[in-house]
Amino acid sequence: MAMKFDGRVAIVTGAGGGLGREHALALARRGARVVVNDLGGARDGSGGSATAAEAVAAEIIAAGGDAIASAASVTDFGAVEAMAAEAMDRWGRIDILVNNAGVLRDRTFAKMELDDFRFVLDVHLMGAVNCTKAVWDIMRERNYGRVVMTTSSSGLYGNFGQSNYGAAKMALVGLMQTLSIEGARHDIRVNCLAPTAHTRMTEDLGARLPLEMLEPSLVSPGLLHLVSEDAPSRCILAAGAGGFERAYVTLTQGVRIVGDDAPEQVAARFDEISDRTGEIVPEMGAAQGFIELSKAQKAHEG
C-alpha cells in the first residue's frame with residue numbers, strides 16, 4: 001500500500017533548500033501539512049531571511065498542499081515554541097518533527113576557535129533539543145509522534161576537519177537512544193537519518209563525489225519510512241544515491257580481567273576484547289553493566 005500522511009502535521013527544520021526542502025515536498029506530496037522552517041542564513045549560520053522558507057511553502061501550496069513558513073532559529077527556544085504554537089493554532093496537532101537544520105564551520109581542531117565549536121553544537125544538538133522539547137508534550141498527550149534526528153557518518157565514524165560537526169552529530173545518536181526509550185509508552189518513535197547528498201553543506205567536496213548521483217531527493221524515501229505510522233524506533237538509517245544501510249552501536253562480549261597486572265592483561269588481550277563474535281546491540285545502557293556483572297558472577301561461581 002502507498003505510504004500516506006493524510007491529516008498529519010509535520011515540522012521540517014532547515015527546509016529552505018537541499019535535504020530539508022526535499023523532505024518537506026515529499027511529505028506534502030503524500031498528504032502532510034508542513035511547517036517549512038528555515039532561518040535563511042548562510043552555510044556558516046550567519047545572516048537570516050524568511051525568503052527560502054516562504055518559497056518552499058509557496059511551492060507546496062501551489063501544488064495543492066498546505067504549508068506555513070517559519071524563519072525561527074532552532075537555537076531560540078522561544079521562537080521554536082512560537083512556531084509549534086502556530087502549527088497547533090492552525091491545525092490542532094503536530095505528528096512529525098524532522099530535525100534537519102544545520103551549519104558548518106570546518107577547521108582542524110588545532111585551528112578551530114571554541115566559539116565555532118560551540119556554535120555548531122548549539123545549532124545541531126541544542127537546535128534538535130529545542131525543537132523536540134517544543135513538541136514532546138504535544139506528542140505525549142496524543143500518544144503519537146515521529147521524530148527524526150539528522151546524524152552523519154562524520155559523527156558515526158569521524159571526518160578530518162569536522163570535530164565540532166562530528167561531535168554534534170554523534171550526540172544526536174545518544175539523544176535518539178534515550179528519547180526512543182522514554183517515548184515508547186506514548187508511541188513516540190525516534191530515529192536518526194545519516195544522509196549522503198549534494199547540498200550546499202557538501203559543495204566543497206566538488207569532484208570527489210559523483211554529484212549527479214547524489215540528489216537530495218534520493219534520501220527522502222528513507223525519511224518518509226522513519227516518520228510513517230509503521231516506522232521503526234532507535235534506528236540509524238544511512239541513505240544516499242539510492243542506497244540504504246543501517247548503522248549500529250554494538251558491544252562485544254569481552255573478557256574479565258582483574259589483578260595487579262590487569263593493565264598489562266588488557267593490553268595483551270586487546271584483540272580478544274575486540275573480538276566481535278557474539279556482539280550485541282544493547283537495548284539500553286545498563287546492558288554493559290549486566291554483561292560485566294555476569295562475567296564477574298561466573299568467575300565467582302567458578
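Look up a bit, the structure's there.
Residues numbered from 1 in each chain as written. Predicted model: local features only at pLDDT ≥ 70, side-chain atom pairs only at ≥ 80, totals over all residues. Heavy atoms only, no water.

**Overview of the pattern of salt bridges**
Then step 1. Per the stated rule, a full pass over the model turns up 13 salt bridges.
Then step 2. Its salt-bridge partner being Arg-21, residue Glu-59 comes within 2.8 Å of it at the nearest N-O pair. Of this pair, Glu-59 sits in helix α2 (residues 51–62) while Arg-21 sits in helix α1 (residues 18–29); the two residues are 38 residues apart in sequence, bridging distant segments of the chain.
Then step 3. Between Arg-146 and Asp-187 there is a salt bridge, with the nearest N and O atoms lying 3.6 Å from each other. (Salt bridge = Lys/Arg side-chain N within 4 Å of Asp/Glu carboxyl O. Helix = DSSP H or I, 4+ residues; strand = E, 2+ residues; numbered from the N terminus.)

**Quick notes on the sheet that holds strand β5 (residues 145–150)**
Then step 1. One open sheet holds the 8 strands; their spatial order is β3-β2-β1-β4-β5-β6-β7-β8, and the pairing between them is mixed. In this open sheet, the two strands that pair with only one neighbour each are β3 (67–70) and β8 (243–247). Adjacent strand axes in the sheet meet at a mean angle of 20 degrees when their direction is disregarded.
Then step 2. Across 5 bridges, strand β6 (residues 188–196) lies against strand β7 (residues 236–240) in parallel orientation. Of the residues in β7, the one forming a bridge with Cys-192 is Ile-236.
Then step 3. Against the sheet, α1 contacts β1 (9–12), β2 (33–37), β4 (96–99) and β6, and its axis sits at roughly 170 degrees relative to β1.
Then step 4. Docked against the sheet, α2 engages β2 and β3, running at close to 180 degrees with respect to β3. (Pairing = 2+ DSSP bridges. Axes fitted to C-alpha atoms, helices over the stretch in contact; angles between N-to-C directions. Contact = heavy atoms within 4.5 Å.)

**Thoughts on the packing of aromatic side chains**
Then step 1. One pass over the structure, following the stated rule, counts 1 aromatic pair.
Then step 2. For the pair Phe-109 and Phe-117, a centre-to-centre distance of 6.3 Å together with 80 degrees between the ring planes defines the contact as edge-to-face.
Then step 3. Look at Phe-109 and you get exposed, because its relative accessible area is 59%.
Then step 4. Here Arg-8 stacks its cationic end above the ring of Tyr-144, 3.9 Å away from the centre of that ring. (Phe/Tyr/Trp six-rings, centres within 6.5 Å; stacked < 30°, edge-to-face > 60°. Buried < 20%, exposed > 50% of the residue type's maximum accessible area, 1.4 Å probe, protein only. Lys NZ or Arg CZ within 6 Å of the ring centre and 35° of its normal.)

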